[in-house]
Amino acid sequence: MRLIFMGPPGAGKGTQAKQVATRYDIPAISTGEIFRANVGAGTPLGLKAKEYMDRGDYVPSEITNQMVRDRIGEPDAEKGFLLDGYPRTLDQVHELDDMIKATGHQLDVALVITADRDELVARLLQRAQTEGRADDTEEVIRRRQEVYAEQTEPLISLYRERDLLIEVDGMGDIDEVTDRIMAALEAVNQS
Ligand code: ADP
């Protein structure tokens, strides 16, 4: 299985990606997490990414693309992978097409988790208190929502046209949402 997870900030992509990847025994690759790990370790990549992330902007694609290309090339991703938070721009879609083509495989599913805007802000502000992410302030959250709406939302119709799109309602308990996702993915696998 080769899947991508999309959805606005706070939709629960990361949480759900981990659950689903575990069930399919494939790595969950989160670009946001890789960036945060690099910021935490003070690597050159982290230093470059930080200024964009702190503002709620996307990190430039040439940085992100290379990072994903390297990660997908690792042995554990040979059997499949779940990308959480990539692609987010049209340019990244084309890069990913190219990366997957080079492996002789294809993308199976683009899953988008939907949620209500106000609920999203509330969730992220709540998370700010427990995890302390630098980009979970109200101002930066609003910016991340804008950037998502401008740059990433248009990709939903692109994947719908390719017949790869599954939309899942992200409102409700974590387990409830996981069950919805698994049911939707099983339906695809059987068709
Ligand atoms: P969220 O989706 O909730 O904003 P993530 O952890 O997925 O959180 O991403 C955090 C930040 O990392 C983004 O705001 C952006 O700056 C950067 N980032 C993650 N994925 C990408 C990507 N595919 N392209 C560019 N920047 C990215």
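Higher on the page you've got the structure.
Residues numbered from 1 in each chain as written. Predicted model: local features only at pLDDT ≥ 70, side-chain atom pairs only at ≥ 80, totals over all residues. Heavy atoms only, no water.

1. Topic: the pairing of strand β3 (residues 81–84)
Regular strands place their side chains on alternate faces of the sheet. Filter applied, for reference: Buried means the residue's accessible area, taken with a 1.4 Å probe over protein chains only, is under 20% of the maximum for its type, while exposed means over 50%, and partly exposed covers the values in between. Each helix is a run of DSSP H or I of at least 4 residues and each strand a run of E of at least 2, with the numbering of both proceeding from the N terminus. Should DSSP find at least two bridges between two strands, the strands are taken to pair.
Side chains F81 and L83 of β3 all project onto a buried face; the interleaved residues L82 and D84 project onto the opposite face, where all are buried too. In the sheet, strand β1 (residues 2–6) pairs with β3 via four bridges, with the strands oriented parallel. Across the sheet, F5 pairs through a bridge with D84, a residue of β3. As defined by bridge partners, strand β2 (residues 28–30) adjoins β3 across three bridges and the pair is classed as parallel. Across the sheet, A28 pairs through a bridge with L82, a residue of β3.

2. So, the nonpolar core
Under the convention used in this document: Only buried residues count toward a nonpolar core. Its members are Ala, Val, Leu, Ile, Met, Phe, Trp, Tyr and Cys residues joined through side-chain atoms within 4.5 Å. Residues are treated as being in contact if the distance between any of their heavy atoms lies within 4.5 Å.
Residues M6, L83, L96 and Y159 are the most contacted members of the largest nonpolar core, which totals 25 residues. Breaking this core down by element, the ones donating at least two residues are β1, α4 (61–72), β3, α5 (90–102), β4 (109–114), α7 (138–152) and α8 (154–161). Here M6 is in contact with K13, P87, A110, L111, V112, I113, Y148, T152, L155, I156, Y159 and L165, once residues within four sequence places are set aside. If you look at the next biggest cluster of nonpolar residues, it comprises 18 residues, including L3, V109, V177 and I181.

3. Remarks on the environment of V177
Residue placement: V177 occurs in helix α9 (residues 174–190). Accessibility expressed as a relative area gives 2% for V177, which makes it buried. Along the sequence, V177 and D84 sit 93 residues apart, while their C-alpha atoms lie 16 Å from each other. When neighbours within four sequence positions are excluded, V177 is seen to be in contact with Q16, V168, D169, G170, M171 and G172.

4. Overview of the site of the ligand
Our working rule: By convention in these notes, a residue is near a molecule or strand provided one of its non-hydrogen atoms lies within 4 Å of it. Between N or O atoms, a polar contact is any pair within 3.5 Å; within protein, one atom must be a potential hydrogen donor and the other a potential acceptor, and residues adjacent in sequence are included only when both atoms are from side chains. Accessible surface area values rest on a Shrake-Rupley calculation with a 1.4 Å probe, where residue burial reflects the displayed protein chains alone. Gly is placed with the polar residues, together with every amino acid not listed as nonpolar (Ala, Val, Leu, Ile, Met, Phe, Trp, Tyr, Cys and Pro) or charged (Asp, Glu, Lys and Arg).
Around the ligand there are 18 residues in total, and T31, R36, D57, G85 and R88 lie nearest to it. For the ligand, a nitrogen atom lies 2.9 Å from a polar atom in the side chain of Q92. Protein contact buries 97% of the 540 Å² of open area that the ligand shows by itself. Here the element with the most residues in the shell around the ligand is helix α2 (residues 31–41); it accounts for four residues. Of the residues belonging to the shell around the ligand, the class tally is six nonpolar, six polar and six charged.

5. Comments concerning unusual backbone geometry
Of note, the amide linkage connecting Y86 to P87 takes the cis form, showing an omega dihedral of 0°. A positive phi angle, near 55°, is found at D25, a position not held by glycine. On the basis of relative accessible area, D25 is assigned to the exposed category, the value being 53%. You will see that D163, though not glycine, has its phi angle at about 70°, which is positive.

6. What about the pattern of salt bridges?
Just so we agree on the cut-off: Between Lys or Arg on one side and Asp or Glu on the other, a salt bridge is scored when a side-chain nitrogen of the former is within 4 Å of a carboxyl oxygen of the latter.
Overall, the coordinates contain 19 salt bridges when judged by the stated rule. Put simply, E51 and R55 hold a salt bridge, and the shortest N to O gap is 3.9 Å. Note that E51 and R55 are positioned in helix α3 (residues 44–55) at a spacing of four residues, about one turn of the helix. Note on E51: relative accessible area 45%, which makes it partly exposed. A salt bridge links E138 to R142; the shortest N-O distance between them is 3.4 Å. Of this pair, E138 and R142 both sit in helix α7, four residues apart, roughly one helical turn. Given the relative accessible area of 40%, E138 is considered partly exposed.

7. Quick notes on the layout of surface pockets
Condition: A pocket here means an open set of points on a 1 Å grid, computed over the protein atoms alone, that has protein on both sides within 12 Å along at least five of seven lines. A cavity is instead a set of points where a 1.4 Å probe fits but cannot get out; residues with an atom within 4 Å of a point line either one. Grid points are joined across faces, edges and corners, and a volume is the space filled by probe spheres set on the points.
Estimated volume of the largest pocket: approximately 960 Å³. Along the walls of the largest pocket sit 38 residues, with K13, R36, R127, R133 and R144 positioned nearest its centre. Among the elements of the structure, α1 (13–24), α2, α6 (117–131), α7 and α9 are those that each provide at least two residues to the lining of the largest pocket. Grouping the constituent residues of the lining of the largest pocket by class yields ten nonpolar, 14 polar and 14 charged.

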